[in-house]
Amino acid sequence: MPQLRSILFLSETQGVASRAAVPLSCSQKLVFPKQIQGVSVVPERYLQISSVCKSEVVVVEGPAFAESISEGDIRWNKQVGDFVKEDEVVAEIETDKTSVECPAPQSGTIVELLVADGSKVTAKQKLYKLQPGEGGGSAAPAAPKAEAKNASSEAPKPAAPKQEAPKAAAPIHPIIAAKNCSSPSAPMSSTPVSSIPVQRVRVPDGVQPDHAITGSRDEVRVKMNRMRQRIAQRLKDAQNTYAMLTTFNEVDMSNIIEMRTRYQKDFQKKHNVKLGLMSPFLRAAAYALQEMPVVNAVIDQDEIVYRHFVDISVAVATPKGLLVPVLRNVESMDYAQVELELAALGEKAKNNKLAVEDMEGGTFTISNGGVFGSVFGTPIINPPQSAILGMHGVFDKPVAINGKVEIRPIMKIALTYDHRLIDGREGVTFLRKIKNAVEDPRTILMNL
């Protein structure tokens, strides 16, 4: 639409009309009186403010990071020309610990991306330019497409080429067909293996097409995200720093399973959350850590740091990597409080809403590989902690009970600890305390 560029002053003196045009800017405020001392003010064009004049382009900055994060890699969810609503996620910044969302400050159309996809960005860096507006940004480019579509529909369609009749294949000798071999006169193929056509296989559900094994003779390289790089670095640092030793034990899950079956309905009705297997192990670990504070401690150069609180990190597998949100002060929690906190952290992890503060700290870690059917494994310590408990699947197993063989649900558990700080006697005793507290929770009540 045309905008007001000037106004025309018309005056009449002794029957002679004169005119004068005065230029105006878009931001100038106008008042149009009907008559000013014989001078009429007439707009040269109708007043139409364009979208550029009505709202200037806004440069949007990135979010602030936590103190422990200095930079990250940006991944764009929107592109130039896309219309976004207020608070709609435009991009995500992948950092060492979590992904930070970049929501749109207001509705509008993206005019320009100031940072390329996958580039490093810092806190409060300028990311893109936004043209504010309520859904009008993406309607304009539709007209040329419609015109082009009409033009193409009016163009005469070329005549379809005549299809030649298929030639009959040459007859194959019965002996050659029976032996399934080529004619002796046919030359041997020298086609490279990479160019031989292969039968493509179906891509399983949940597998990205770029990562799927389809049988094609090629490969693709994907840049490792920052979270995966950080996890790899921390795991390798743990192997290089700690003198890790793993001890094992078995837990009879009969009492816990019977307790869940008996009280599940009442527990869920009162606390609005199900009673799982994690809460008995977290509560037992907190009890064992109170009994043996050295497992809750950590080596810092030439000193041993003893923590007066129990913060347990729980390993959670996500598509972007392994996350370890922390439950604070588990020593003062009961089963219901543990389950409620786990449910809240699980919902955050599912929606990619875990903040850096949710994963900082931690004095002990529990990893439950049993949810994936793991039978046995040795976990790796999560720095800067000194021990980690590995849970595994529950399987029926014949065991000796009072001189008789019975089938019991058994879970194998593993404790990996820093042997520089924790001796073998303390490590084995600590794991046995967890075993006893899970098999019979009454030992916690009686402080045994």
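Residues numbered from 1 in each chain as written. Predicted model: local features only at pLDDT ≥ 70, side-chain atom pairs only at ≥ 80, totals over all residues. Heavy atoms only, no water.

K.L.:
Just give me the short version of the side chain of T443, but keep the residues and values in it.
P.N.:
Within the element layout of this structure, T443 appears in helix α9 (residues 442-445). Since its relative accessible area comes to 13%, T443 is described here as buried. In terms of polar contacts, T443 uses its side chain to reach the backbone carbonyl oxygen of D440, at 2.9 Å. When sequence neighbours within four positions are dropped, the list of residues in contact with T443 reads Y287, N436, A437 and L448. (Helix = DSSP H or I, 4+ residues; strand = E, 2+ residues; numbered from the N terminus. Buried < 20%, exposed > 50% of the residue type's maximum accessible area, 1.4 Å probe, protein only. Polar contact = N/O pair within 3.5 Å; in protein donor to acceptor, adjacent residues only side chain to side chain. Contact = heavy atoms within 4.5 Å.)

K.L.:
Please give an account of the packing of helix α6 (residues 278-291) against helix α8 (residues 424-439) that cites residues and values.
P.N.:
Closest axis-to-axis distance for the α6/α8 pair is 8 Å, and the angle between their directions is 135°. In terms of orientation, α6 and α8 fall into the oblique class. Remark: the crossing between α6 and α8 carries right-handed chirality. In this structure, α6 uses P280, F281, A284, A285, Y287, A288, L289 and E291 to contact α8, whose residues at the interface are F430, K433, I434, A437 and V438. Broken down by class, the residue content of the contact of α6 with α8 amounts to eleven nonpolar, no polar and two charged. (Axes fitted to C-alpha atoms, helices over the stretch in contact; angles between N-to-C directions. Parallel < 35°, antiparallel > 145°, perpendicular 65-115°, else oblique. Left-handed = near helix turned anticlockwise from the far one by under 90°. Nonpolar A, V, L, I, M, F, W, Y, C, P; charged D, E, K, R; others polar.)

K.L.:
Outline the nonpolar core, listing residues and values.
P.N.:
Judged by nonpolar contacts, the single largest core of 54 residues is most densely connected at F281, V295, L327, F364, I366, F430 and I434. Per element, the largest residue contribution to this core is nine residues, and it comes from α6. Residues within four places of V295 in sequence aside, it is in contact with L289, T363, F364, S386, A387, I422 and F430. Core analysis: the second largest hydrophobic core is formed by 20 residues, F65, W76, V90 and V115 among them. (Core = buried A, V, L, I, M, F, W, Y, C linked by side-chain atoms within 4.5 Å.)

K.L.:
So, the pairing of strand β19 (residues 364-368): which residues are in play, and what are the values?
P.N.:
Counting buried positions over the five residues of β19 gives four, a clear majority of the element. Note: strand β15 (residues 312-314) against β19, three bridges, orientation parallel. Of the residues in β19, the one forming a bridge with I312 is F364. Pairing geometry for β19 and strand β20 (residues 387-391), over four bridges, is parallel. Bridging across to β20, I366 finds its partner in L389. (Pairing = 2+ DSSP bridges.)

K.L.:
How would you explain the packing of aromatic side chains if you had to name every residue and give the values?
P.N.:
Scanning the entire structure with this criterion turns up three aromatic pairs. Taking the centre distance of 5.9 Å and the plane angle of 85° together, the rings of W76 and Y128 count as edge-to-face. Here W76, found in strand β5 (residues 71-76), pairs with Y128, found in strand β11 (residues 126-132); they are 52 residues apart in sequence, far enough to count as distant. Taken individually, W76 and Y128 each receive the classification buried, so the pair is uniform in this respect. (Phe/Tyr/Trp six-rings, centres within 6.5 Å; stacked < 30°, edge-to-face > 60°.)

K.L.:
Please set out the pattern of salt bridges residue by residue, giving values where relevant.
P.N.:
Per the stated rule, a full pass over the model turns up 15 salt bridges. In this structure, R75 and E94 form a salt bridge, with 3.9 Å as the shortest nitrogen-oxygen distance. Of the two residues, R75 sits in strand β5 while E94 sits in strand β7 (residues 89-94), which places them 19 residues apart along the sequence. Given a relative accessible area of 23%, R75 falls into the partly exposed group. A salt bridge links E112 to K129, with the shortest nitrogen-to-oxygen separation between them at 3.5 Å. Taken together, the residues span a long stretch of sequence, with E112 in strand β9 (residues 108-113) and K129 in strand β11 at a distance of 17 residues. E112 sits in the partly exposed class, given a relative accessible area of 35%. When salt bridges that share partners are traced, they join E250, K397 and K412 into one network. (Salt bridge = Lys/Arg side-chain N within 4 Å of Asp/Glu carboxyl O.)

K.L.:
An account of helix α5 (residues 254-271) is requested, with residue identities and associated values reported.
P.N.:
With 18 residues, α5 should cover 26 Å at 1.5 Å per step; its first-to-last C-alpha distance of 24 Å lies within 8% of that length. The sharpest bend along α5 measures roughly 60° and falls at Y263. All buried positions along α5 are accounted for by S254, I256, M259, Q264 and F267. Lining the buried residues of α5 we find β12 (244-252), α6, α7 (335-350), β22 (404-418) and α8. (Expected span 1.5 Å × (residues − 1). Bend = angle between axes of the 7 residues up to and from the residue.)

K.L.:
Describe the confidence of the model for the protein chain, with residues and values.
P.N.:
In the predicted model, the protein chain carries a mean pLDDT of 78, and the fraction of residues at 70 or more is 73%. Confidence drops under a pLDDT of 50 for residues 32-54, and excluding neighbours within four residues, the segment shows 44 contacts in the predicted structure. When the criterion is pLDDT under 50, residues 174-179 qualifies, and its contacts beyond four places in sequence or with other chains add up to five contacts. (pLDDT = per-residue confidence, 0-100.)

K.L.:
Please give an account of the sheet that holds strand β4 (residues 58-61) that cites residues and values.
P.N.:
Taken in spatial order, the four strands make up an open sheet running β4-β11-β9-β6, and their pairing is antiparallel. Among the strands making up the open sheet, the edge pair consists of β4 and β6 (83-84). As paired elements, β9 and β11 share five bridges and run antiparallel to each other. Residue pairing across strands places T109 opposite Q131, the latter belonging to β11.

K.L.:
Mind laying out the sheet that holds strand β10 (residues 120-122), listing which residues take part and the relevant values?
P.N.:
Taking strand neighbours across the sheet as the criterion, the four strands line up as β8-β7-β5-β10 in an open arrangement whose pairing is antiparallel. Taken across any chain shown, the strands that pair with only one partner, and hence form the sheet edges, are β8 (99-103) and β10. Along the sheet, successive strands turn relative to each other by an average axial angle of 40°, direction set aside. When β5 meets β10, the two strands line up antiparallel, connected through three bridges. Within β10, the position partnered with E71 by the bridge is T122. Across the face of the sheet, helix α4 (residues 226-241) comes into contact with β5, β7, β8 and β10 while running at roughly 145° to β5.

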